[in-house]
Amino acid sequence: MKRILVGSCLAGLAFFCAAATLRAQQMGPPKVLQIIREEVKTGKGAPHAKFESNYVAAFRKAKWPTHYLAVAATTGPNEAWFLVGYDSFEAWEKDQQATDKNAALTAELDKLGEQDAAYVNNTRTVVAVFRPNLSYRPGVNIGEYRYFEIDTVRVRLGHDEDFNKVSKAQIEAHEKLNIDEHWAAYEVVEGMPSGTILFFTPMKSLKQEDMDHGKQVMEAMGEDNAKKFQQVGREAIISDESNIFAFSPRMSYVSDQTIAADPSFWKPEAGGMAAPGGATEGGKTAPPAKKAPGKQPAKQ
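Reading the values: the criteria
Residues numbered from 1 in each chain as written. Predicted model: local features only at pLDDT ≥ 70, side-chain atom pairs only at ≥ 80, totals over all residues. Heavy atoms only, no water. Helix = DSSP H or I, 4+ residues; strand = E, 2+ residues; numbered from the N terminus. Buried < 20%, exposed > 50% of the residue type's maximum accessible area, 1.4 Å probe, protein only. Contact = heavy atoms within 4.5 Å. Areas by Shrake-Rupley, 256 points an atom, 1.4 Å probe, with all protein chains shown as cover. Pairing = 2+ DSSP bridges. Axes fitted to C-alpha atoms, helices over the stretch in contact; angles between N-to-C directions. Core = buried A, V, L, I, M, F, W, Y, C linked by side-chain atoms within 4.5 Å. Expected span 1.5 Å × (residues − 1). Parallel < 35°, antiparallel > 145°, perpendicular 65-115°, else oblique. Left-handed = near helix turned anticlockwise from the far one by under 90°.

J.: How do you make sense of the overall build of the chain when you look at a structure like this?
T.: Of the regular secondary structure elements, the chain holds 10 helices and eight strands. Within the chain, the fraction of its 300 residues that count as buried is 52%. In the chain, once contacts between residues fewer than 6 apart in sequence are set aside, the share between residues at least 24 apart is 84%. Here the chain displays about 13200 Å² of accessible surface, and carbon together with sulfur accounts for 49% of that area.

Structure, rendered in structure tokens:
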């Protein structure tokens with residue numbers, strides 16, 4: 001929730017939460033998700049994470065009701081993402097208006113925004129809407145998790161129906177096998193090319209990357225659906241990129257309910273816990289190699 005979002009781009013809220021307060025632990029994701037993507041300068045990962053704690057302090061001081069979750073890339077471009085969820089675009093607008101009316105908070109955010117330029121090269125704001133029909137068991141207590149695997153899929157215009165059909169078959173196969181996974185799908189409406197869908201898969205540890213259910217899922221889908229799945233992958237998908245992001249407690253302004261899930265993690269100043277998996281916040285660490293096959297028309 002940086003000042004750049006208070007007129008145009010606030011930072012983010014705990015991902016599977018409501019805008020003002022944490023939903024019940026198994027409630028679904030917010031309807032509107034705003035993502036602030038910061039490209040962190042080379043060698044500035046740790047200083048950037050430390051500086052971001054000033055934003056957290058400002059919001060805590062103001063007792064601001066909207067919380068946010070920060071995640072740092074461990075693969076792909078060196079980025080920090082800030083995630084904020086709202087029940088509607090109207091709720092997002094009201095939050096911006098309330099921030100604008102708070103002179104003390106606005107002044108602090110403006111000052112921090114100027115200083116933040118020392119750590120980042122570029123910032124991109126993305127807005128996406130929840131797609132329940134493309135999601136699988138999305139309701140989780142995010143405080144118990146440590147990573148997101150984020151798949152960015154671009155679907156060719158005119159191929160939405162085919163994509164939705166094979167995605168449905170894939171989800172049904174997961175349900176049939178009772179696979180203990182979760183993902184939430186968001187379709188980008190602003191800030192990225194049309195047809196972009198983001199799949200957020202929360203992980204408690206990187207051990208989850210060692211599990212490959214691809215063969216089982218394809219068999220459970222049935223021969224016809226499996227063939228259609230591969231066809232859609234060839235014809236309907238422009239690109240598919242998957243990256244891992246580690247949760248950053250230092251850069252996150254999360255609710256008391258989220259902190260209660262694991263205080264030693266979410267309050268590193270108290271517990272002294274480092275970023276998960278040995279990753280430096282805003283820096284890089286190599287995760288285990290992913291077993292999943294190449295391009296896929298949906299999360300697998």
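J.: Got a minute to help me understand the pairing of strand β4 (residues 120-130) in this structure?
T.: Along a regular strand, successive side chains alternate from one face of the sheet to the other. Bridge count between strand β1 (residues 32-40) and β4: nine bridges; the pairing is antiparallel. Note on β4: the bridge partner recorded for Ile-36 is Thr-125. Inspection of the sheet shows β4 paired to strand β6 (residues 184-190) by four bridges, in the antiparallel sense. Residue pairing for β6: Phe-130 is matched across the bridge by Tyr-186.

J.: How do you make sense of the sheet that holds strand β7 (residues 196-203) when you look at a structure like this?
T.: Strand-to-strand pairing in sheets goes through backbone hydrogen bonds, with the strands running parallel or antiparallel. Strand order in the closed barrel made by the eight strands is β1-β3-β2-β8-β5-β7-β6-β4, with antiparallel pairing throughout. Strand-to-strand twist across the sheet, computed as the mean angle between neighbouring axes with direction ignored, equals 35°. One ladder, built from eight bridges, connects strand β5 (residues 147-155) with β7; its direction is antiparallel. Bridge pairing in β7 links Tyr-147 to Met-203.

J.: Any chance you could explain the nonpolar core here in plain terms?
T.: Nonpolar side chains tend to gather and get buried jointly when the protein is soluble and globular. Core analysis: the biggest nonpolar cluster contains 27 residues, and Ile-35, Leu-69, Trp-81, Leu-83, Phe-148, Phe-200 and Phe-247 have the highest contact counts within it. Non-local contacts of Trp-81, meaning those with residues more than four positions away in its chain, are made with Ile-35, Ile-36, Arg-37, Leu-69, Ala-70, Val-71, Ile-150, Phe-200 and Phe-245. Counting residues in hydrophobic clusters, the runner-up holds 23 residues, among them Val-153, Phe-163, Ile-179 and Ile-197.

J.: Quick question: what am I supposed to make of helix α5 (residues 160-177) here?
T.: Since the α-helix turns once every 3.6 residues, residues separated by three or four places project in the same direction. With 18 residues, α5 should reach 26 Å at 1.5 Å per residue; the first-to-last C-alpha distance of 26 Å fits that figure. Listed as buried for α5 are Phe-163, Val-166, Ser-167, Ala-169, Gln-170, Ile-171, Ala-173 and His-174. Positioned one or two residues after α5, Asn-178 has a phi angle of 55°, which is positive.

J.: Quick question: what am I supposed to make of the packing of α5 against helix α7 (residues 223-235) here?
T.: To describe two helices that pack against each other, one gives the angle between their axes and the distance between the axes. Between α5 and α7, the shortest axis-to-axis distance is 10 Å and the interhelical angle comes to 135°. On the basis of their axis angle, the class for α5 and α7 is oblique. Handedness of the crossing formed by α5 with α7: left-handed. Of the residues in α7, those touching α5 at Asp-162, Phe-163, Val-166, Ala-169 and Gln-170 are Asn-225, Lys-228, Phe-229 and Val-232.

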